[in-house]
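Residues per chain are reported as follows:
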Amino acid sequence: MKSNTDAMIGFLASLARRVSMPVLIAVGVLTVAATMGLESWVAGRIRVASADRDAVLVALEDQEAELAQRQTMRDSLARDLAQAKQNAATLSRSRRVLFEGGLAISEEKRLLEKQWEIMTTYLLVDLANDRVQIMRGEQAYETWPLGGQKPRIVNNPISASLMLATIISKERYAHTERGKSEQIDGRLDWQPPQVGTSARASALGEAVMFTKEGLILHGPALKRPEHENYPHICLELPRATARRLYSRSFIGTHVMIKP
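Residues numbered from 1 in each chain as written. Predicted model: local features only at pLDDT ≥ 70, side-chain atom pairs only at ≥ 80, totals over all residues. Heavy atoms only, no water.

Unlike most non-glycine residues, Asp130 shows phi in positive territory, near 50°. Since its relative accessible area comes to 32%, Asp130 is described here as partly exposed. (Buried < 20%, exposed > 50% of the residue type's maximum accessible area, 1.4 Å probe, protein only.)

A surface patch of nonpolar side chains, amounting to about 410 Å² of accessible area, comprises Leu38, Trp41, Val42 and Ile46. Structurally, the position occupied by Trp41 is in helix 2 (residues 21–120). (Patch = residues over 30% accessible without salt bridge, like charges linked within 9 Å, V, L, I, M, F, W, Y side chains within 5 Å. Areas by Shrake-Rupley, 256 points an atom, 1.4 Å probe, with all protein chains shown as cover. Salt bridge = Lys/Arg side-chain N within 4 Å of Asp/Glu carboxyl O. Helix = DSSP H or I, 4+ residues; strand = E, 2+ residues; numbered from the N terminus.)

Now for the nonpolar core. Formed by 21 residues in total, the largest nonpolar core has its most connected members in Val125, Leu215 and Val255. Of all the secondary-structure elements, those providing two or more residues to this core are strand 1 (121–126), strand 2 (131–136), strand 6 (164–173), strand 9 (206–211), strand 10 (215–218), strand 11 (233–236), helix 4 (239–248) and strand 12 (254–258). With three residues, helix 4 is the largest single contributor of residues to this core. When residues no more than four places from it in sequence are discounted, the contact partners of Leu215 are Pro151, Leu162, Ala165, Met209, Phe210, Ile233, Cys234, Leu235, Val255 and Ile257. Counting seven residues, the second largest nonpolar core, distinct from the first, contains Ala203, Leu204, Phe210 and Tyr230. (Core = buried A, V, L, I, M, F, W, Y, C linked by side-chain atoms within 4.5 Å. Contact = heavy atoms within 4.5 Å.)

The next subject is the environment of Ala240. Inspection of the secondary structure assignment puts Ala240 in helix 4. Overall, the relative accessible area of 49% leaves Ala240 in the partly exposed class. Each C-alpha atom of the pair Ala240 and Pro145 lies 9.1 Å from the other, and the pair is 95 residues apart in sequence.

Glancing now at the packing of aromatic side chains. What the rule picks out here adds up to zero aromatic pairs. When the ring centre of Tyr141 is taken as origin, the NZ or CZ atom of Arg136, which lies over that ring, is 5.2 Å away. Its end group placed over the ring of Tyr246, Lys170 keeps NZ or CZ at 4.7 Å from the ring centre. (Phe/Tyr/Trp six-rings, centres within 6.5 Å; stacked < 30°, edge-to-face > 60°. Lys NZ or Arg CZ within 6 Å of the ring centre and 35° of its normal.)

Next up on the list: the side chain of Glu206. Examined against the element boundaries, Glu206 turns out to sit in strand 9. Separated by 2.6 Å, the side chains of Glu206 and Arg172 make a polar contact. If we ignore the near neighbours within four places in the chain, the residues touching Glu206 are Arg172, Tyr173, His218, Gly219, Arg239, Ala242 and Arg243. (Polar contact = N/O pair within 3.5 Å; in protein donor to acceptor, adjacent residues only side chain to side chain.)

The next thing to look at is helix 4. For helix 4, the complete set of buried residues consists of Thr241, Ala242, Leu245 and Tyr246. In a view along the axis of helix 4, the buried residues occupy a sector of 130°, so they form one face of it. Tucked into the core, helix 4 has its buried residues touching strand 1, strand 2, strand 3 (139–145), strand 6, strand 9 and strand 10. (Arc of directions from axis to C-beta.)

Moving on, we come to the pattern of salt bridges. For the structure on display, the rule yields 13 salt bridges. Close ionic contact of Arg70 with Glu66 constitutes a salt bridge, the shortest N to O distance being 3.1 Å. Here the residue Arg70 and the residue Glu66 both occupy positions in helix 2, the gap between them amounting to four residues, near one helical turn. The class for Arg70 is exposed, based on a relative accessible area of 53%. Using a relative accessible area of 39% as the deciding quantity, one classes Glu66 as partly exposed. In this structure, the salt-bridge partner of Arg244 is Glu142, at a minimum N-O distance of 2.7 Å. Of this pair, Arg244 sits in helix 4 while Glu142 sits in strand 3, and the two are 102 residues apart along the sequence. Sharing partners across several salt bridges, the network here consists of Lys114, Glu117, Glu142, Arg244 and Arg248.

A word on the side chain of Glu236. Structurally, Glu236 is set in strand 11. The class for Glu236 is buried, based on a relative accessible area of 8%. At 2.8 Å, the side chain of Glu236 and the side chain of Arg224 are in polar contact. Sequence-distant contacts of Glu236, that is, excluding residues within four places in its chain, are made with Leu146, Gln149, His218, Gly219, Pro220, Ala221, Arg224 and His227.

The following block contains the structure:
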């Protein structure tokens, strides 16, 4: 700025030697006025630039604050996401444990229900009404016909003392010949059955249930002479009845005979 002023003064000095004083004064006044106007304009521009700079600084501070806030939010979101993943893994493990526990409980419940069914199921042979009922406690679940059959020792009436028997063995088809076992001097001696050439179902038919007391429940015999020659307490059932009782009874099921 000083060099420009010196140049202007030198220019005016040279003009003073060539122009008149009034013109020189007028030029000087115009020059001073122009200089003052330029300074005023420059000052105004400086003020505007300063205001703009202040606004930019404020905006920059706002952006930095917003950036810091966004950074904080991002860190918080990252922590929440990590926590959510951990919770999801924990929840998955908990659900798996609950599912496995539920399966174990369901299996245990099923076994208990089956045991309860085995303990409470018995067969009621009602001779007066010519029927046999599958009982659960005091309730009859199923009723099947006896077909006029009654328990008997082959060709003789049943002993009046046999009113209760317990199933100890079930065979789909069974030989009349049974294995024999006895304990001799602390040693178990077992002799297998001698079945010969007879078919398994010839004498006792299908769905054979043996009891501890000697009563045998079975379907219709295929060969009557072989059946009559086999000494046993017999309750011969219709085929459908024998099949159903065979499928619904268990080892240990009681057979009650109601005369």
